[in-house]
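Given next are the chains, with one letter for each unit.
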Amino acid sequence: MTKLGVIVRGKYGRRLIETVRSRSDLEVIVAEVPEHLPDLIDEPEEFFSELDFNEKVFDADIIITYSLHPDITPQIAKMAGEAGVGALIVPGGAAKAPIRELEDISSKYGIFIEVDDICCNIASDPSTDAFTSFFGNPVLDVEVNDGKISKVDIIKGAPCGSTWRMADALVGMPVEEAGAKAGLLISQYPCRAVRGNMGGIHESSELHKKAIDASIKKTINSDL
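Presented here is an overview of the structure given in this document. Because the structure is a prediction, the values reported are computed rather than measured. (Residues numbered from 1 in each chain as written. Predicted model: local features only at pLDDT ≥ 70, side-chain atom pairs only at ≥ 80, totals over all residues. Heavy atoms only, no water.)

1. Remarks on the sheet that holds strand β4 (residues 87-91)
Taken together, the 5 strands give an open sheet; going across it, the order is β2-β1-β3-β4-β5, and neighbouring strands pair in parallel fashion. Because the sheet does not close on itself, it has two edges, and the strands there are β2 (27-33) and β5 (112-116). Each neighbouring strand pair of the sheet contributes to a mean axis angle of 15°, computed without reference to strand direction. Of the pairings in the sheet, the one linking strand β1 (residues 3-9) to strand β3 (residues 62-65) comprises 4 bridges and is parallel in character. The residue bridging Gly5 from the neighbouring strand is Ile63, located in β3. Set on the sheet, helix α1 (residues 14-23) makes contact with β1, β2 and β3; between it and β2 the angle comes to about 170°. (Pairing = 2+ DSSP bridges. Helix = DSSP H or I, 4+ residues; strand = E, 2+ residues; numbered from the N terminus. Axes fitted to C-alpha atoms, helices over the stretch in contact; angles between N-to-C directions. Contact = heavy atoms within 4.5 Å.)

Below is the structure:
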């Protein structure tokens, strides 16, 4: 069984853990970093040595870290690389993660590292397939009856759980309204993604809208 390590910080990461445990067969190992961290951490290795940190998280095959700190995240990447972890996924975007330093760590230890603004846009890589076969860019199978959505099967959904909430709410919706409604439902979900700009939650909404529209089109064409 593939082991997924999740490093949480305060509220960040906990909804993903719930979704992964209920929607997949992955084994989850959890570790925590403090919710409140100094803006600058000069000696992250020393800082970690003084934390009550569950280092068993580095027994995982894949780690997702919600450390959200440009000094902490590279240290986690280094520790993961030294432990032989296959992949590290870093939500929160480049503002929270020094890309060049992470690229150097990836090259040195042979660990796949991906930095994403949102977790519903995680790219597939052989080292992350055990995770992205369940979670990431939404893939849906929609059934239509009398011009309305009768069922939405989720092949792959957002690890925060928003795709499943959206799917339930779309049943009974006229097909011509479903895409726009899907985007609205995602934007209303209490996702941790950035709001107020054209990325973050807006990107997630657009991904789900496109997924619904594409699945409806496929269903209707197959019935012709």
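2. Some points on the packing of aromatic side chains
Going through the model one piece at a time under the given rule, you end up with 5 aromatic pairs. Each ring, one from Phe131 and one from Phe135, has its centre 5.2 Å from the other, and the planes form 40°; the classification is tilted. Since its relative accessible area comes to 0%, Phe131 is described here as buried. (Phe/Tyr/Trp six-rings, centres within 6.5 Å; stacked < 30°, edge-to-face > 60°. Buried < 20%, exposed > 50% of the residue type's maximum accessible area, 1.4 Å probe, protein only.)

3. Observations concerning the nonpolar core
In this structure, Ile7, Phe53, Phe58, Ile63, Leu88 and Ile113 are the most contacted members of the largest nonpolar core, which totals 26 residues. Listing elements by their share of this core, those giving two or more residues are β2, α2 (44-49), α3 (72-83), β4 and α4 (99-109). At 5 residues, α3 tops the list of elements feeding residues into this core. Here Ile7 is in contact with Ala31, Val33, Phe53, Val57, Ile63, Ile64, Thr65, Tyr66, Ser67 and Ile76, once residues within four sequence places are set aside. Ranked by size, the runner-up nonpolar core spans 18 residues in total, among them Val8, Val20, Ile62 and Phe135. (Core = buried A, V, L, I, M, F, W, Y, C linked by side-chain atoms within 4.5 Å.)

4. Considering the pairing of β2
Where a strand is regular, its side chains alternate between the two sheet faces. In this structure, β1 lies alongside β2, joined through 7 bridges in parallel fashion. Residue pairing for β2: Lys3 is matched across the bridge by Glu27. Taken together, β1, α1 and β2 constitute a β-α-β crossover, and its handedness is right-handed. (Right-handed = clockwise from strand over helix to strand, strands pointing away.)

5. A word on the pattern of salt bridges
Enumeration over the complete set of coordinates arrives at 3 salt bridges. One salt bridge connects Glu32 with Arg14, and the closest N-O pair in it is separated by 3.1 Å. With Glu32 in strand β2 and Arg14 in helix α1, this pair connects stretches of sequence that are 18 residues apart. Given a relative accessible area of 44%, Glu32 falls into the partly exposed group. Salt-bridge contacts for Lys151 lead to Asp153; the nearest nitrogen and oxygen are separated by 3.8 Å. The partly exposed category is assigned to Lys151, whose relative accessible area is 38%. (Salt bridge = Lys/Arg side-chain N within 4 Å of Asp/Glu carboxyl O.)

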